[in-house]
Amino acid sequence: MNAVDKPFLRALAGESVWPPPIWLMRQAGRYLPEYRATKEEAGGFLELCLNPELSAEVTFQPLRRFPMDAAILFTDLPMLPWAMGQGLRYGQGGADGVGPILDPVRDEAALAALRPGDAARRAAPIMKTVSRIRAGLDRDHPGTALIGFAGAPWTVACYMIDGRGGHGFPVARHMAENNPHLLQSLFATLTEAAEAYLVAQAEAGAEALMLFDSWAGLLPPEGFERWVLAPTTALTARLRARLGPDFPLIGFPRLAGDGIPAYAARAGVNAVGLDETVDLTGPLPEGVTLQGNLDARALVAGGETLRAATAHILDAMRGRPFVFNLGHGITPDTPPAHVAALVEQVKRG
């Protein structure tokens, strides 16, 4: 199937596809029993991310249950710091039950030890996963597109500096205020590595790339401009120089609020992901595809709560380029039957 025949890619190109294409953040994950079994077989979360056969298997698992219009590479945001040489391990807790723990980068010596030029080479197993997924999609799911991804510089820096997820990343926020020179140097390193890492994914078969800025909402307006918008714009410019002006890019500045219009206008992406706090009946960015924004708790609740929330989004987005998704990722307590009901409703339009 030609790329233009894939509803997800048509929507990213600016077409008002209806019913809208659908995929869900964390659609592969521990709400599925087959995922839990595969992770156990791999021996751990890091091992799973670096095993092309099993990581591809996890990516395909939701597609066997639900007719999604896109698959997203199964890996994790801290794999980019790992590819640069930062120490990474997984302990209990966190969004996937195995929260990342990194050796913090908080001074010039730790920054100098990073090797951004090695990122794509060290991440070779992940690129093998991309190729394996793309081949399987072409064979068994020809209408389904493949998304590669990385964290945007600010979000990856949060993990690298604080050394763990959650808790508001106080050390990274302190560095932004009190040592911006060091943070800017880290961003330069991150941008170089992210470019290589994402281009390698595209060359291995990814048909669109997504930048997750999961912690964009932690910053005040001036911080959002400096640490989210400016570095994202620089990275997308580098990606377009390498991949061409029409390669589909998605940005997700989670909880950015009033910063979303500027992001949509200037970040250089084809589509903007919207979290669940965005009111779809209010003013929305024009000139870009929108993606989102069902509350993950409605998906857990199911029933009339889910039906009403889904209908509200469909009614609000009818007639414009749109990709149905969640406002954040699927939570582990989500019944798979609720995902099936959601996909069925969206497919009916």
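As recorded in an unreviewed UniProt entry, the protein chain goes by the name Uroporphyrinogen decarboxylase, listed as coming from Muricoccus vinaceus. Taken verbatim from the UniProt record of the protein chain, the Function (unreviewed entry) comment is "Catalyzes the decarboxylation of four acetate groups of uroporphyrinogen-III to yield coproporphyrinogen-III." Of the comments in the UniProt record for the protein chain, the one headed Catalytic activity (unreviewed entry) reads "uroporphyrinogen III + 4 H(+) = coproporphyrinogen III + 4 CO2".

Chemist: Let's hear about helix H16 (residues 336-348): which residues, and what values?
Modeler: Its 13 residues place the ends of H16 19 Å apart at the C-alpha level, agreeing with the 18 Å of an ideal helix rising 1.5 Å per residue. Every buried residue belonging to H16 is among His338, Val339, Leu342, Val343, Gln345 and Val346, and all of these are buried. Seen from one end, H16 has its buried residues packed into an arc of 165°, which puts them on one side. Projecting away from the buried face of H16 at angles above 90 degrees are the exposed residues Ala337 and Arg348. Looking at the packing, one finds that the buried side of H16 touches strand E8 (289-294), helix H14 (296-301), helix H15 (303-317) and strand E9 (322-326). Just past H16, the residue glycine 349 takes up positive phi, approximately 75°.

Chemist: Go over the nonpolar core, please, and point to the residues and values.
Modeler: Ranked by internal contacts, the top residues of the largest apolar core, which has 127 residues, are Phe8, Trp154 and Leu183. Broken down by element, this core gets its largest block of residues, 13 residues, from helix H11 (residues 180-204). When residues no more than four places from it in sequence are discounted, the contact partners of phenylalanine 8 are Pro21, Trp23, Asp69, Ala70, Ala145, Ile147, Ala208, Ile250, Gln291 and Val323.

Chemist: Go over the pattern of salt bridges with me, naming the residues and quoting the values.
Modeler: All chains considered together, the criterion is met by 17 salt bridges. Salt-bridge contacts for aspartate 118 lead to arginine 121; the nearest nitrogen and oxygen are separated by 3.7 Å. Judged by its relative accessible area of 58%, arginine 121 falls in the exposed class. Measuring nitrogen to oxygen at the nearest pair gives 3.5 Å for the salt bridge that ties arginine 348 to glutamate 344. Remark: glutamate 344 and arginine 348 occur in helix H16; sequence separation between them is 4 residues, near one turn of the helix. What makes arginine 348 exposed here is its relative accessible area of 58%. In the salt-bridge network here, residues are joined through shared partners; they are Lys6, Arg134, Asp138 and Glu207.

Chemist: Which residues make up the sheet that holds strand E6 (residues 249-253), and what values do they have?
Modeler: Overall, parallel pairing links the 7 strands, which are arranged E1-E4-E5-E6-E7-E8-E9 in an open sheet. The two strands at the open ends of the sheet, each matched to only one other strand, are strand E1 (70-72) and E9. For this sheet the average axis-to-axis angle between neighbouring strands, irrespective of direction, equals 25°. Alignment of E1 against strand E4 (residues 145-151), held across 3 bridges, turns out to be parallel. Bridged to isoleucine 72 within E4 is isoleucine 147.

Chemist: Can you tell me about empty space enclosed by the protein, naming the residues and giving the values?
Modeler: Applying the stated criterion across every chain yields a total of 1 cavity of 30 Å³ or more. One number sums up the size of the largest cavity: a volume of about 30 Å³. In terms of lining, the largest cavity is formed by Val105, Arg106, Asp107, Leu111, Met175, Leu182 and Leu186. Partitioned by chemical class, the residues of the lining of the largest cavity number 5 nonpolar, no polar and 2 charged.

Chemist: Can you break down the packing of aromatic side chains residue by residue, with the values?
Modeler: Within the structure shown, the criterion is met by 9 aromatic pairs. For the ring pair phenylalanine 212 and phenylalanine 252, a centre distance of 6.2 Å and an interplane angle of 85° mean the geometry is edge-to-face. Within this pair, whereas phenylalanine 212 is found in strand E5 (residues 208-213), its partner phenylalanine 252 is found in strand E6, the two being separated by 40 residues in sequence. Of the two residues, phenylalanine 212 and phenylalanine 252, both sit in the buried class. Where phenylalanine 322 meets phenylalanine 324, the ring centres are 6.1 Å apart and the plane angle is 80°; that geometry is what we call edge-to-face. One aromatic cluster is present, built from ring pairs that chain together Tyr35, Phe45, Phe74 and Tyr90. Positioned over the ring face of tryptophan 82 is arginine 122, at 4.2 Å from the centre of the ring. Between arginine 254 and the ring centre of tryptophan 215, over which it is positioned, the NZ or CZ distance is 5.7 Å.

Chemist: Mind laying out the layout of surface pockets, listing which residues take part and the relevant values?
Modeler: Of the voids in this model, the second largest pocket is the one considered here, and its volume is about 160 Å³. For the second largest pocket, the full set of lining residues is Gly257, Asp258, Ile260, Pro261, Leu274, Thr277, Val278, Pro283, Leu284 and Pro285. For the lining of the second largest pocket, a count of residues per class yields 7 nonpolar, 2 polar and 1 charged.

Cut-offs used in this document
- Residues numbered from 1 in each chain as written.
- Predicted model: local features only at pLDDT ≥ 70, side-chain atom pairs only at ≥ 80, totals over all residues.
- Heavy atoms only, no water.
- UniProt positions renumbered as here; feature names shortened; annotations may be inferred.
- Helix = DSSP H or I, 4+ residues; strand = E, 2+ residues; numbered from the N terminus.
- Expected span 1.5 Å × (residues − 1).
- Buried < 20%, exposed > 50% of the residue type's maximum accessible area, 1.4 Å probe, protein only.
- Arc of directions from axis to C-beta.
- Contact = heavy atoms within 4.5 Å.
- Core = buried A, V, L, I, M, F, W, Y, C linked by side-chain atoms within 4.5 Å.
- Salt bridge = Lys/Arg side-chain N within 4 Å of Asp/Glu carboxyl O.
- Pairing = 2+ DSSP bridges.
- Axes fitted to C-alpha atoms, helices over the stretch in contact; angles between N-to-C directions.
- 1 Å grid on protein atoms, 1.4 Å probe; cavity = no way out; pocket = protein on both sides within 12 Å on 5 of 7 lines; lining within 4 Å.
- Points joined across faces, edges and corners; volume = space filled by probe spheres on them.
- Nonpolar A, V, L, I, M, F, W, Y, C, P; charged D, E, K, R; others polar.
- Phe/Tyr/Trp six-rings, centres within 6.5 Å; stacked < 30°, edge-to-face > 60°.
- Lys NZ or Arg CZ within 6 Å of the ring centre and 35° of its normal.

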